[in-house]
Structure formats: structure tokens, C-alpha cells
Amino acid sequence: MLNKVIHSDILQKKRKLDSSKEESTSPTCINGNIKTNYFSEYEQKYMEKAFELANEALQSNEVPVGCIFVYEDNIIAIGRNMVNETRNATRHAEMCCIDQVNDFCKKENLNFIAVFKETFVYVTVEPCIMCAAALYDLKVKSIIYGCKNDRFGGETVFNVADVLKPVTTRKGGYRADDAMNLLKLFYQGVNPSAPSSKLKRKFKETT
Amino acid sequence: MSAICKVRSILDDSFINNLPLTEVFVDSITCPKNISKVVLELNLLFPLPELIHLKRVKSKEVLLFPSQNIVKEEVHKILQERGFPIDLLKNEIRKVEVAAVPPLVRSQYLQCHSIWPCNFHSDKYIEKLYTNTLFSDEELKIKMKFMNITEDIGKFSKNNNGVLIVDPKSNSVVAVGYDRSNDGPCRHAVMVAIDNVSKSQRGGCWTNDEYFTVDQCNSNCKDIPSDILALLRGKYTDIKFSDSALIPSERVTPYLCTGYDVFSTREPCIMCAMALIHSRAKRVFYGKSSENGGLGTLCKIHTVKNLNHHYEVFIVENIEEKKDS
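In the annotation of an unreviewed UniProt entry, chain B is listed under the name CMP/dCMP-type deaminase domain-containing protein and assigned to Henosepilachna vigintioctopunctata. The Sequence similarities (unreviewed entry) field of the UniProt record for chain B holds the comment "Belongs to the cytidine and deoxycytidylate deaminase family. ADAT3 subfamily."

Where an unreviewed UniProt entry is consulted, chain A appears under the name CMP/dCMP-type deaminase domain-containing protein, with the organism given as Henosepilachna vigintioctopunctata.

Here is the structure:
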């Protein structure tokens, strides 16, 4: 179902755009100040997977956020936003993944508390206040994300860590511009099948 | 039922706390008949846009300007340099603390007005929230009844957490939820109830077939588990359950939980509080504070300014319950 991720035209087009952008700016910079080498090879690999899911969400007319959970170097959950499909505003990518981990633990006869403690969360957008609180309560090991979430962010809009004092480590900034541009595409209602010249113009206007 | 219920608003700290103060310089007027001239000159030469809520004059005293980084001895010189006719003042410069921001509720107004005269435009709705007089006795009775139903729903879970979602326009129950964290760590009562609302709108993500009867799959109350429905219908004969579920095609379902009231036995945690923001609930009523609560205890998620939706929060206190039992 979800793991049949197909690279969409849009992502490929965007990558072409980005590669031309990178030539003109410093190659080690994303979003102006965060270095790409801040992310290990593993982290980059998993973040790419999360981007594929974000893209799948966009194709399905959902807010383009993708997420994967990694436990002992295995992907145990893959999720993307499913709010419109389920008519449930809480079905964010992270919440879908949490349910999958629960199923995984039941199937493998593992203690879910112990599994979450060793789980790494890769998500294209900073988790919202709800998801951040859920992930902190589950004591996940680490959250690695793409762009900031200036509408609902669990750090940016209201810092949940200030009150819940989590053990979870957090870092963001991986392909932040790309993650943000996906969101912009969704909120502007850009037709994904529009010719690339129009797309380029839109990008220039918004960035 | 002789229990009296009290519904208390959980408001942003800016309504509850004393107003922050700031220091200003004041002086006395030499001759009372010059008051209007002094005020006119001061407003022209030293406008105070950030202290617009304050009046310029307090009997024979007049507010000059904020004292930030200025020593008292320099004030006279500053007035002179700007061309203020200083002979209108007695040159008895003093520092006085005044309210730094406009008062939001009457009690703050009275506090700040006693220090220095102040303008106040009362917001009647906020005043009602602040004084806990928003609901009539009749409305309070209904809220109390819904709170009792919520407690009954909670009895179906191991930790007595129940949630009821109500359409206040018709006072009918739209969906219920109780803690099902055995089935998944995030299935708190609020999350389950939200998903049951989604089910009433032909959505939903969590299967709960095991607690719906076959009959019910064809009935209107798809969003209320059958065992709970039977109990509630028997006990609360005057309440409509899932009345909004008329014929699906004729039924106007709102976007998510827009316009709905949410009753919860306990204060929702931060995750659930934010889930209700995402779902656009109208009001949240809860019975008891929780140590991990996000609507009053640890924080007040409903007052976070930058969010795109806000709901009102109330704690329902059952005052005479103990005497009765």
C-alpha cells in the first residue's frame, strides 16, 4: 500500500531546479545556515524516504508531510498525512506511524515502550504540537526533520519541550527549502501536472 | 439531582495576572485653569502612543513621559528644549508607576485606575467569561448532565476517562470516546472521540467493529458503541443521541468538529488539547485537572497566540456532590 512509493514528476522537476540552485549557492548550505554534513549518510537515506512519502501525500491531495520510524536500523513504520482521506484532522504522518509501530510490536511480540525508546523518527516537517507531545510521551530516541512548521510547530509555535522536558533529541534543516516548497505547492493549489516553466515561475515568486 | 455545578473559565494569563507596570515622570500644574493648555502642549510635544490607555491628568498632576534611562534632574531641561512652556508646571518632578498595557477586564481596570486614571472599554463577552457568568442556570444544568454522561462513558475504560462530543445547537450527542490505550498508545479518550466524529462523517481510521453490533452498522448511531448507547438511552431518556445523523444525504455535517462542545472527565493532555485545535472544537469542558494537562495545568494550548484556531475552556466543578452521597 504505502510502500509502493512512486517518484513523481514533480519531485524530479524540483530536483532539477534544486541542483541548479545549489550550483549558485554554497553546496554545504541548506536554508542558509544548516550544513548538509550535519546529517549522516544513514540519516540522509532515511530522510529521502520520508520525502518520497511527502510527495505521495501531495499526489493524494494531502498536506505533503512524510514520516518513517526506524528501529534497530529497520524501517518499522512509514506514514504520510491522511487527514482528508480519513476526515480526521489528527491523522498526521507521525500518528499513522505510531499506530504501525504498535501493530509491529504486537506481531513481533515486542514491548512497545522499549521499542519506542530506541526509535528514530524521520519526518519532512517539524512535528506539530500534538505529534511532538505524543512522540515525547513515547520517549522516542530522536526526531530528525526537514523544514520548520510555522503554523503548528511543537518547537516553533509553542515549545512543547519546555513543559514536557523530553529525553528525545531533535534536529532539523534537512532539505528544508524542498520540504517547505512541497507545502507551498499544496497550499497554493498548484496543479502538479502544470508545465515546468509555470512551476519555475511560481517557485521564483514565492522564494 | 441537587448538586450545584460551577463552570469556571480557563483564561489566558494576561486576563488573570496583575497588569505589568512601567515608570513615568509626573509633575504638578501651577494653576488649575491651565490644565487644558498643558494637556494640549504635552500631547503635541510628547505624544504617548504606547500609553494611550492612560489619561494625561490626575487632579493637579500631569503625566509627562516614560522614565526610561532619563534621570529626574534632566526632565525639566528636556521639556524646555522641546519648547514646552515650563512655567505652567511646578517643577516637582516625581517617578510614578502606571499600567504598561491596557486593562482587559474590569478587575484589572480597577487595579490600574487606582494608581493612575485609565480608559477602559469593557468587552462584555470576556467579562462574562472572567466572572464565570456566561451560562444561565438552565444551560448550567445541561452542561452538568452532559458531564454526568461523560463520567458514565468513562466507566467503560480502565482509567475512567470518558469524552462526549455534543452539538450545542440541538444539545444532541454526536460521538463518544473512552480510553482505549490497550489498543494503541495514542488512543486516549479524546482521540477516540475525534475519530468517532470522523466516522459519523464517513471517515475515521481506527476500526472498532468489535464494539458495534450488526444492527448498528445500518443505524444512525454509527459513532456510538452499542453497549454504551444502550446504557445511555436507558438512563438519559431526554437526551438525543446522534440526532445529527439523520439520513446521511440530508444531514449537514460540519467540517471536522466545528461548532461542537467537548466534555471530558479529565483535563486533556497536550496531544489531545492540540488534536482538538486541529479538529476546531468550539468549547472544551473538563471535570478534573490532570498532572499532564495541556489546558491549564502544564500550559494553556488554547491560548497559544499563533495558532489558527482557538476554543474556550471551562472546568466543571460539582460543588455539592460530596454532601449528597
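Asker: Is there a simple way to explain the overall build of chain B in this structure?
Answerer: Scanning chain B from terminus to terminus reveals eleven helices and eleven strands. In chain B, which comprises 325 residues, the share counted as buried stands at 50%. For chain B, the share of sequence-separated contacts (at least 6 apart) that also reach a separation of at least 24 residues comes to 64%.

Asker: Honestly, the overall build of chain A in this entry has me stumped. Any pointers?
Answerer: Looking only at helices and strands, chain A features nine helices and seven strands. Relative to its full complement of 207 residues, chain A shows a buried share of 52%. Counting contacts in chain A only where the partners sit at least 6 residues apart, residues at least 24 apart contribute 63% of the total.

Asker: Can you help me understand the interface of chain A and chain B in this one?
Answerer: By a widely used convention, the size of an interface equals the accessible area lost when the partners come together. Each partner contributes to the interface: chain A provides 27 residues, whereas chain B provides 30 residues. Summing both sides of the interface, chain A and chain B together bury roughly 2300 Å²; the carbon and sulfur share of this comes to 70%. At the surface where chain A touches chain B, the tally comes to one salt bridge. The salt bridge involving A:Asp99 is made with B:Arg187; its shortest N-O contact spans 4.0 Å. Scanning the region where chain A abuts chain B turns up six residue pairs in polar contact (both at pLDDT 80 or more). For the side of chain A that touches chain B, the secondary-structure elements that each account for two or more residues are α4 (93–108), α5 (112–117), α6 (129–137) and α7 (160–164) of chain A. Residue composition of the side of chain A that touches chain B, grouped by class: 17 nonpolar, five polar and five charged.

Asker: Could you clarify how one ought to interpret the sheet that holds strand β3 (residues 66–71) of chain A in this entry?
Answerer: All names here are of chain A. The mixed open sheet is built from five strands, whose spatial order is β4-β3-β5-β6-β7. The open sheet terminates on both sides in strands that have one partner only, identified here as β4 (74–80) and β7 (169–172). On average, adjacent strands in this sheet sit at an angle of 15° to one another, irrespective of strand direction. Where β3 meets β4, six bridges bridge the pair, whose relative direction is antiparallel. Across the sheet, residue Cys67 finds its bridge partner in β4, namely Gly79.

Asker: Would you take a moment to explain the UniProt feature "domain: CMP/dCMP-type deaminase" (unreviewed entry) in chain A for this structure?
Answerer: Feature annotation in UniProt places "domain: CMP/dCMP-type deaminase" (unreviewed entry) on residues 41–157 of chain A, given in this structure's numbering. Annotated as 46% helix and 22% strand, the span residues 41–157 of chain A places its first and last C-alpha atoms 30 Å apart.

Reading guide: rules and limits
Residues numbered from 1 in each chain as written. Chains lettered and ligands numbered in written order. Predicted model: local features only at pLDDT ≥ 70, side-chain atom pairs only at ≥ 80, totals over all residues. Heavy atoms only, no water. UniProt positions renumbered as here; feature names shortened; annotations may be inferred. Helix = DSSP H or I, 4+ residues; strand = E, 2+ residues; numbered from the N terminus. Buried < 20%, exposed > 50% of the residue type's maximum accessible area, 1.4 Å probe, protein only. Contact = heavy atoms within 4.5 Å. Buried area = accessible area lost by both parts, 1.4 Å probe. Salt bridge = Lys/Arg side-chain N within 4 Å of Asp/Glu carboxyl O. Polar contact = N/O pair within 3.5 Å; in protein donor to acceptor, adjacent residues only side chain to side chain. Nonpolar A, V, L, I, M, F, W, Y, C, P; charged D, E, K, R; others polar. Pairing = 2+ DSSP bridges. Axes fitted to C-alpha atoms, helices over the stretch in contact; angles between N-to-C directions.

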